Each structure stands twice: as C-alpha cells, then as structure tokens.
Amino acid sequence: MGLLDGFWRGRAAEFDSGSAATNAIELTKRHSQVSLTKQGAATGHLRINLAWRMRSSDIGGPQRESLLRHPFKALKPPEVMGHTQSMVNVDLDLGCLYELQDGTKGVVQPLGGYFGDVNAAPYVKLTGDDRFGSGSGETLYVNLDHRESIKRLLVFVYIYDQTPAFDRTQAVVTLFPTSGPRVEIHLDERHPQARSCAVVMIENVKGEMVVRREVKFVYGFQAELDRLYGWGLQWGRGHKTKAER
C-alpha cells in the first residue's frame with residue numbers, strides 16, 4: 001500500500017460544493033481537499049463527529065414483500081436505521097494521531113483513556129467513548145486558535161475488539177467548522193476485513209489549515225496506520241476497562 005495517493009497541491013481549493021439545502025461539503029476521491037483558512041474557518045473549536053448506521057438488510061435479513069401487491073417497492077432504496085447494541089456487534093472508535101510543530105507526537109483515543117486536552121497541547125480533545133452508536137456518536141474538538149502549534153492531525157476510525165464490519169456500517173465523519181458549511185467524509189468503500197481507516201488529514205501547510213480526505217482502510221490497527229503515515233510511535237496491545245466501556 002502506498003504512503004499517499006498522489007495529489008496536486010495546486011488543486012487544494014477544489015471540493016464538491018454540496019447541497020444548499022444541507023449546507024454540506026462532501027469530500028470525494030475526485031475533490032478531496034478544502035481549506036479552512038480560505039473559508040475563514042481556521043479559528044475556534046473545530047468539532048469532528050463520528051456517526052454510523054446500519055442497513056436494515058443486515059438486521060435479521062431482508063424483509064421480503066410481494067412485488068405484485070407492492071410494485072413500487074423495487075424502486076425504493078433500502079431503509080437505513082440507527083443501530084443499537086442489539087442490532088449490531090460492532091464498536092467503532094474515533095481517534096486522532098497528532099504531530100505538533102515542536103516535534104511532539106501522540107494519539108487521542110478511547111483505548112487507554114488518552115482523551116487529550118483542548119486548551120493545552122495537543123489542543124485535541126475526545127469527549128468520550130460511545131460504544132453502541134448513539135445518536136450523538138463520538139466527538140473530537142480541535143482548538144484552531146492554537147493552529148500555529150499544530151503540524152498535522154490524522155483522524156482515524158477503528159473497530160475495537162470485534163468482528164470487522166466496516167462494510168455493514170455506514171460510517172460518516174463530519175467536520176463542523178466555526179463558520180461555513182460542514183465537511184462530510186463517508187466511509188462507504190467495501191473493505192469487509194478492514195479493522196481501521198485513516199479518514200482525514202488536517203495539516204498546517206505554510207500557515208494554511210487544509211483538510212484532505214484520506215479514507216485508507218487497513219487490516220491492522222493504530223500501529224499499521226502509524227507505519228503508513230510515518231508517525232514513529234511505539235504501540236502495544238491494549239484493552240478497555242469497564243469504566244472506559
């Protein structure tokens with residue numbers, strides 16, 4: 001797997017404009033970057049949320065109905081439902097690898113209780129661990145008032161100690177800047193055996209805060225993401241305590 005898919009920095013301002021009704025930008029393979037600085041949104045607390053859903057066809061199998069009695073059912077897309085513990089045995093966790101301008105590196109994640117700090121280094125804070133995919137999901141805050149101290153942040157998602165099921169969940173990571181439209185990254189590529197996914201890189205490029213879609217699935221965990229992006233941290237096997245769960 002390559003370190004990074006090639007991209008042309010001169011196209012950094014290109015992105016899907018999204019819908020005026022939803023006020024959202026969706027980062028895609030074709031249009032993968034957006035500048036928070038150019039949008040006037042490189043200050044304050046950037047909120048990053050992970051939410052996931054599950055297709056109803058994965059909950060007890062598909063519901064079959066007669067097409068003779070309901071001929072338009074075939075044209076209706078599968079119903080999507082928010083999941084609960086009884087619906088799916090998967091625990092998605094949101095995390096962030098950080099590198100500061102002074103060379104400090106580390107991770108913010110539920111595993112190990114590394115929840116970070118929004119008002120002091122690393123200026124990234126995880127609000128908590130959502131084990132069962134509630135409506136609020138999991139949320140990271142990045143204090144962009146300290147953007148001059150930040151070099152790069154890699155936001156990632158991993159499946160904690162469960163069967164790989166990225167292809168069953170419809171996970172989406174959404175960035176909510178202090179101004180302008182929200183930014184959405186959908187994890188909808190089919191990688192049924194993947195356990196982790198590098199979702200988005202937030203990078204300080206000569207003073208400009210650039211958000212770049214990654215969506216790189218790997219079959220290992222944080223250590224494999226570390227190797228992929230050259231973070232250079234030391235990793236060991238970890239488990240959540242009951243309090244963390």
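Right above here is the structure, for reference.
These lines cover the structure that appears in this document, whether it is placed above or below. On a predicted model such as this, the values are computed, not experimentally measured, just so you know. (Residues numbered from 1 in each chain as written. Predicted model: local features only at pLDDT ≥ 70, side-chain atom pairs only at ≥ 80, totals over all residues. Heavy atoms only, no water.)

1. What to know about the side chain of Arg152
Basically, it comes down to this: Secondary structure follows DSSP: runs of H or I at least 4 residues long count as helices, runs of E at least 2 residues long count as strands, and numbering of each begins at the N terminus. We call two N or O atoms a polar contact when they sit within 3.5 Å, provided that within protein one can donate a hydrogen and the other can accept it, with sequence-adjacent residues counted only if both atoms are side-chain atoms. Contacts are residue-level and defined by heavy atoms, with any inter-residue pair within 4.5 Å sufficient.
Within the secondary structure, Arg152 is located in strand β11 (residues 150-159). There is a polar contact of 2.6 Å between the side chain of Arg152 and the side chain of Glu99. At 3.2 Å, the side chain of Arg152 forms a polar contact with the backbone oxygen of Tyr229. Residues in contact with Arg152, not counting those within four places in the same chain, are Leu97, Tyr98, Glu99, Met201, Ile202, Glu203, Tyr229, Gly230 and Trp231.

2. Things to note about the packing of aromatic side chains
Note the cut-off: We call Phe, Tyr and Trp rings a pair once their centres come within 6.5 Å, taking the six-membered ring for Trp, and we label the pair stacked below 30 degrees between planes, edge-to-face above 60, and tilted otherwise. Criterion for a charge above a ring: Arg CZ or Lys NZ at most 6 Å from the ring centre, at most 35 degrees from the ring normal.
A complete count under the given rule lists two aromatic pairs for this structure. The interplanar angle of 75° and the centroid separation of 5.3 Å between the aromatic rings of Phe166 and Phe217 together place this pair among those described as edge-to-face. With a gap of 51 residues between them, Phe166 in the loop between β11 and β12 (172-176) and Phe217 in strand β15 (residues 208-218) connect regions that are remote in the sequence. Sitting above the plane of the Phe176 ring, Arg47 keeps its charged end 4.0 Å from the centroid. Sitting over the face of the ring of Trp231, Arg152 holds its NZ or CZ atom 3.7 Å from the ring centroid.

3. Concerning the sheet that holds β15
Neighbouring strands of a sheet are bound in pairs by backbone hydrogen bonds; such pairs are parallel or else antiparallel. Which entries qualify depends on this criterion: Strand pairing is defined by DSSP finding a minimum of two bridges between the two strands. Under this scheme, a helix contributes an axis fitted over its contacting stretch, all axes are lines through C-alpha atoms, and angles between N-to-C directions fall in the 0 to 180 degree range.
Across the sheet, which stays open at both edges, the six strands sit in the order β2-β15-β14-β11-β6-β7 with antiparallel pairing between neighbours. Looking at strand neighbours, the two that pair on one side only are β2 (33-35) and β7 (105-108), the edges of this open sheet. Ignoring strand direction, the axes of neighbouring strands in this sheet form an average angle of 20°. Bridge count between strand β6 (residues 92-100) and β11: nine bridges; the pairing is antiparallel. The residue of β11 that forms the bridge with Cys96 is Val155. The sheet contacts of helix α1 (residues 222-229) involve β6, β11, β14 (196-205) and β15, and relative to β15 the element is tilted by about 125°.

4. With respect to the sheet that holds strand β3 (residues 45-51)
Read from one edge of the open sheet, seven strands run β1-β13-β12-β3-β10-β9-β8, paired in mixed fashion. Strands at the two margins of the open sheet, each flanked by one partner only, are β1 (24-26) and β8 (116-117). With two bridges connecting them, β8 and strand β9 (residues 124-126) associate as antiparallel partners. From the neighbouring strand, Gly116 faces β9, where its bridge partner is Lys125.

5. Brief notes about the pattern of salt bridges
The following threshold applies: Salt bridges, as used here, are contacts in which a Lys or Arg side-chain nitrogen is within 4 Å of a carboxyl oxygen on Asp or Glu. For every residue, the accessible area obtained with a 1.4 Å probe (protein chains only) is divided by the maximum for its type, and the residue is called buried under 20%, exposed over 50%, and partly exposed between those limits.
On inspection of all chains with the given rule, the structure shows seven salt bridges. With a shortest N-O distance of 3.9 Å, Glu189 and Lys29 are connected by a salt bridge. Pair noted here: Glu189 is in the loop between β13 (182-186) and β14 and Lys29 is in the loop between β1 and β2, with a separation of 160 residues, a long-range link. The exposure class assigned to Lys29 is exposed, which follows from its relative accessible area of 64%. For Arg213, the salt bridge is made with Glu189, and the minimal N-O distance between the two is 3.3 Å. Of the two residues, Arg213 is situated in strand β15 and Glu189 in the loop between β13 and β14; the sequence distance between them amounts to 24 residues. When its relative accessible area of 19% is taken as the criterion, Glu189 is described as buried. By sharing partners, the salt bridges in this structure join Lys29, Glu189 and Arg213 into a single network.

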